[in-house]
Amino acid sequence: MRLSSSVAIAALILAAPIAASTESAEHDEVLTGPAPRWVEPSEPLPVPADASGLLFTRVQDTLVHLEDEGQQTYVGQRIKILHPQALQAGNLALTWNPAAGAPTVHALRIYRDGTAIDLLESSKFEVLRREDQLEMAMLDGLLTATLRVPDLRVGDELELVFTVPSHDPTFGSDSFGFLALADTPAPGRFRLGVSWDEGQKPNFRVTPDFAEIAKNGANSLEIHADNPGILNPPKDAPPRYGWQRVVEYSDFTDWPDVSRRTATLFVTASRLQADSAVKEEAARIAAAHETQLGRAQAALELVQEQIRYVYVGLNGGNLTPATADQTWQRRYGDCKGKTALLLALLAELGIDAEPVLASNQGIDDGFDQRLPSPGLFDHVLVRARIDGKRYWMDGTLPKVARAGIEPLMPYRWVLPIDARGAELERLSWRPASLPLEMSLYEIDARAGFDVPARIAQTTVRRGIEGLAQYVQFSALTKDQLENIFTSQMTGGSTWDAVESVTYRYDPATQASILTLSGTGPVDWDDDGDGKRSLALPGGGFSPPARRQRAKDQNQEAPFYNEPGYDCHVTTVLLPSDTDPADWSYNSRFDDMMYGRMYYRAFERRDGSIRMIRGSRVEQREVDAATAARDNARLADFDNSMAWVRYRPGTESSIELLQPEEVPTVSEFDVTGSAKACLPNYLR
């Protein structure tokens, strides 16, 4: 969706992203001229004699001005080059939307030995007229101007001062965005500021680290910082703790205000013309399916399969969706256009549905602490109410991504789009019910220790990774798929020959399933006196990292676990000429460390040894006290490999230690409940 926010980062700024506009005039060149009337540049900070590092920032002004026509971003920067690697700062680039206005460069100079060299007299920006993200199916209409500063040397000072206008007609004169200072800026003088014309004052929110140095003027808010220190977020803390040194501004009063204003866009975009071909498609779906869920699924598949994804940010399309009829006629669209089309189809089918704003970047932790702003979101999808349940539907995903009770992406916060206005909504989290990653090995060693074994290996991926695998593999013929794996895997440490490759995707459990079978060597260890041992693939755990922070960091912040669930199943069919009673295995365990469950179980039965190993995040956040207790237990963590051992003449009673039954690979249903991957009390 690429919803726009005006973002200025107080670091080495060489580009400025600009929102789209519907103005007819286009500006496709870089202008030169004086700085805007509302700017009073900062005085450069003297370079200390002992300056070190890549560069010294004599001054870095990043100022946004809000006015009726939109906003302008001014960047005034002068840096001292201290290291050869900093010469890359001479590769300049300005990016803008030509419909919003042209950038104006106010100064471009080199200062050397007390002399100012005006580069604008001898150099010119080259405008690149191309869609630089076309390969990612994105049409944004932006232009980029580049200039490689000639004869830039270590010891020079490089000054670049420019202003770029931006205006998105979707919300008129309403503005939103943020300014930020990097956690580890170069030494020097930094200034962030927002100013406004009369009647354009926005709401503000500054992070606590800026609260004491924020200065309010009559029509401005500014942050001044000389040689700001390094400010690291607490190590391993949840993502929201990384929101530091930020000034937010927004004209929206609350989240229902954002919801209402955005709802108008989708109500208009999803309204069909009287003779719309989309109505015919809806009638066809209604005739072919009896249930509401079946009709909704058919509508979703139509949008997923027949409308290719192309992001369209031209002529105000960054925030405004194309209409359903336009998207159907073009047969392409971005998340906004696909959502409008899906809403139109569902409305024709009598299914209640709403668009929902979300963030696909995984940055939505802490959205409830942000100012209301559409710029926080980059995606929109549909939520429908069918038979008393809510179903999530994403038209941008492959057709195997069906309507589901939960969204495929692990969203924390979403904003329903409602004409009455809706509050920001928190989505509940619980541990994954099915493994996101699985590997299953069957090693048929019945022919003996010294004979290559029959091997079957199955991998399962779910979630976005599984969908990406589906997109890749479903486009291949069976012969192409087999050729890729047989040529790559044959002759490796695992395979003598790959004889069969099969692939399928199970939409019901979102499982991408790849199975290879063939023959290969078994790496038996010869322990002498006829004894053998084997480390089973997928059987060992690496110990988790200690959860500890530097003294200057927030010691009370919780520790974050990226949600995950993996399961590994290995079965060894034992050599036929051995007595199963002479076989044993090493430690079984289940343990919770830092909010993650670690589980491994074995069983010897029916001429085989079975092993299953599972690990699942049970707590997304772990408090500091729990982390400290687990730190004290970490030395005892069992990170042993999973060993099976053959000791002829030494009968074992290991079954007495194993209360759970462990399935063989052939008994394990990769699309089933996978309960065996966890201990009994979590099943």
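Remember, predicted model here, so these are calculated numbers, not experimental data.

### Here we look at the sheet that holds strand β22 (residues 379-386)
On the basis of which strands lie adjacent, the open sheet formed by five strands has the order β23-β22-β21-β24-β25 and antiparallel pairing. The two strands at the open ends of the sheet, each matched to only one other strand, are β23 (389-393) and β25 (425-426). Across five bridges, the pairing between β22 and β23 is antiparallel. Looking at the pairing, arginine 385 lines up with arginine 390 of β23. In the packing of helix α6 (residues 335-348) onto the sheet, contacts are made with β21 (352-358), β22 and β23, and the angle to β22 comes to roughly 15 degrees.

### Details of helix α4 (residues 292-306)
Each α-helix turn comprises 3.6 residues. Residues three or four places apart therefore point the same way. Taking 1.5 Å as the rise per residue, α4 with 15 residues should run 21 Å; its terminal C-alpha atoms sit 21 Å apart, in good agreement. Along α4, the positions that sit buried rather than exposed are Gly294, Ala296, Gln297, Ala298, Ala299, Leu300, Leu302, Val303 and Gln304. Contact partners of the buried residues in α4: α3 (277-288), α5 (324-330), α6, β22 and β23.

### Some thoughts on the sheet that holds strand β5 (residues 91-96)
The three strands lie next to each other as β5-β10-β8, forming an open sheet whose pairing is antiparallel. Two strands lie at the open edges of the sheet, namely β5 and β8 (126-128), each paired on one side alone. Neighbour to neighbour, the strand axes of the sheet diverge by 25 degrees on average, direction disregarded.

### Points about the state of the cysteines
Evaluation of the coordinates by the stated rule reveals one disulfide. Across the disulfide from cysteine 567 sits cysteine 677; the S-S distance is 2.1 Å. Sign of the S-S torsion, about -85 degrees for the bond between cysteine 567 and cysteine 677, identifies this disulfide as left-handed. With cysteine 567 in strand β33 (residues 565-573) and cysteine 677 in the segment after β39 (643-646), this residue pair connects regions lying 110 residues apart in the sequence. The pair cysteine 567 / cysteine 677 is uniform in exposure class, with both members buried.

### Considering the pattern of salt bridges
Within this structure, the stated rule accounts for 40 salt bridges. Residues arginine 109 and glutamate 159 are paired through a salt bridge, measuring 2.7 Å at the closest nitrogen-oxygen approach. Of this pair, arginine 109 sits in strand β6 (residues 104-112) while glutamate 159 is found in strand β11 (residues 157-166), placing the two residues 50 residues apart along the sequence. Taking relative accessible area as the criterion, arginine 109 reaches 27% and is therefore assigned partly exposed. A relative accessible area of 12% means that glutamate 159 is categorised as buried. Here the salt bridges share partners, and the residues they tie into one network are Arg240, Asp364, Asp365, Arg412 and Glu621.

### Brief notes about the side chain of glutamate 425
By the element assignment, glutamate 425 lies in strand β25. Looking at glutamate 425, the relative accessible area reads 19%, which means it is buried. A distance of 2.9 Å separates a polar atom in the side chain of glutamate 425 from a polar atom in the side chain of arginine 383. If near-sequence neighbours (up to four positions away) are discounted, glutamate 425 is found in contact with Arg383, Arg390, Arg412, Trp413, Val414 and Pro416.

### Comments concerning the confidence of the model for the chain
With 92% of its residues at a pLDDT of 70 or more, the chain has an overall mean of 90. Overall, residues 1-25 carries pLDDT values under 50, and its contacts beyond four positions in sequence, including any with other chains, amount to 114 contacts. Scored below 50 in pLDDT, residues 131-137 shows 14 contacts in the model against residues more than four places distant or in partner chains.

### Concerning the nonpolar core
Within the largest apolar cluster, 46 residues are counted, with the highest numbers of intra-cluster contacts made by Leu341, Leu342, Leu345, Leu346, Phe377 and Met393. For this core, the secondary structure elements donating two or more residues are α2 (255-269), α3, α4, α5, α6, β22, β23 and β24 (413-416). The dominant element in this core, judged by the number of residues it contributes, is α6, at seven residues. Discounting chain neighbours no more than four positions away, the residues touching leucine 342 are Ala299, Leu300, Val303, Val382 and Met393. In terms of nonpolar packing, the next biggest core, distinct from the first, is built from 34 residues, Tyr505, Leu534, Leu536 and Phe602 among them.

### With respect to the side chain of aspartate 394
If you trace the backbone, aspartate 394 turns up in the loop between β23 and β24. In terms of polar contacts, aspartate 394 uses its side chain to reach the side chain of histidine 379, at 2.9 Å. For aspartate 394, the side chain forms a polar contact with the side chain of threonine 396, separated by 2.7 Å. Among residues more than four places away in sequence, those in contact with aspartate 394 are Leu300, Gln304, His379 and Leu381.

### Quick word on the packing of aromatic side chains
Applying the stated criterion to the full structure yields 20 aromatic pairs. Measuring from ring centre to ring centre gives 6.0 Å for phenylalanine 176 and phenylalanine 252, while their planes differ by 50 degrees; the resulting arrangement is tilted. In this pair, phenylalanine 176 sits in strand β12 (residues 176-181) while phenylalanine 252 sits in the loop between β17 (246-250) and α2, placing the two residues 76 residues apart along the sequence. We classify phenylalanine 176 as buried; its relative accessible area is 8%. Under the relative-accessibility criterion, phenylalanine 252 is labelled buried at 1%. Here the aromatic residues Phe449, Trp524, Trp583 and Tyr646 are joined through ring pairs into a cluster of three or more.

### Some points on unusual backbone geometry
Positive phi values are uncommon outside glycine, yet aspartate 236 reaches one of about 60 degrees. You can see aspartate 236 is positioned in the loop between β16 (220-226) and β17. One non-glycine residue with positive phi stands out, namely tyrosine 594, at about 55 degrees. In this fold, tyrosine 594 is placed in the loop between β35 (589-593) and β36 (596-605). Look at tyrosine 594 and you get buried, because its relative accessible area is 3%.

### As for the pairing of β16
Across the seven residues of β16, five count as buried, placing the element largely inside the fold. In the sheet, strand β13 (residues 188-196) pairs with β16 via seven bridges, with the strands oriented antiparallel. Bridge pairing in β16 links phenylalanine 190 to alanine 225. Here strand β15 (residues 214-216) folds back onto β16 in antiparallel fashion, the turn holding three residues.

Definitions and cut-offs
Residues numbered from 1 in each chain as written. Predicted model: local features only at pLDDT ≥ 70, side-chain atom pairs only at ≥ 80, totals over all residues. Heavy atoms only, no water. Pairing = 2+ DSSP bridges. Helix = DSSP H or I, 4+ residues; strand = E, 2+ residues; numbered from the N terminus. Contact = heavy atoms within 4.5 Å. Axes fitted to C-alpha atoms, helices over the stretch in contact; angles between N-to-C directions. Expected span 1.5 Å × (residues − 1). Buried < 20%, exposed > 50% of the residue type's maximum accessible area, 1.4 Å probe, protein only. Disulfide = S-S within 2.5 Å. Salt bridge = Lys/Arg side-chain N within 4 Å of Asp/Glu carboxyl O. Polar contact = N/O pair within 3.5 Å; in protein donor to acceptor, adjacent residues only side chain to side chain. pLDDT = per-residue confidence, 0-100. Core = buried A, V, L, I, M, F, W, Y, C linked by side-chain atoms within 4.5 Å. Phe/Tyr/Trp six-rings, centres within 6.5 Å; stacked < 30°, edge-to-face > 60°.

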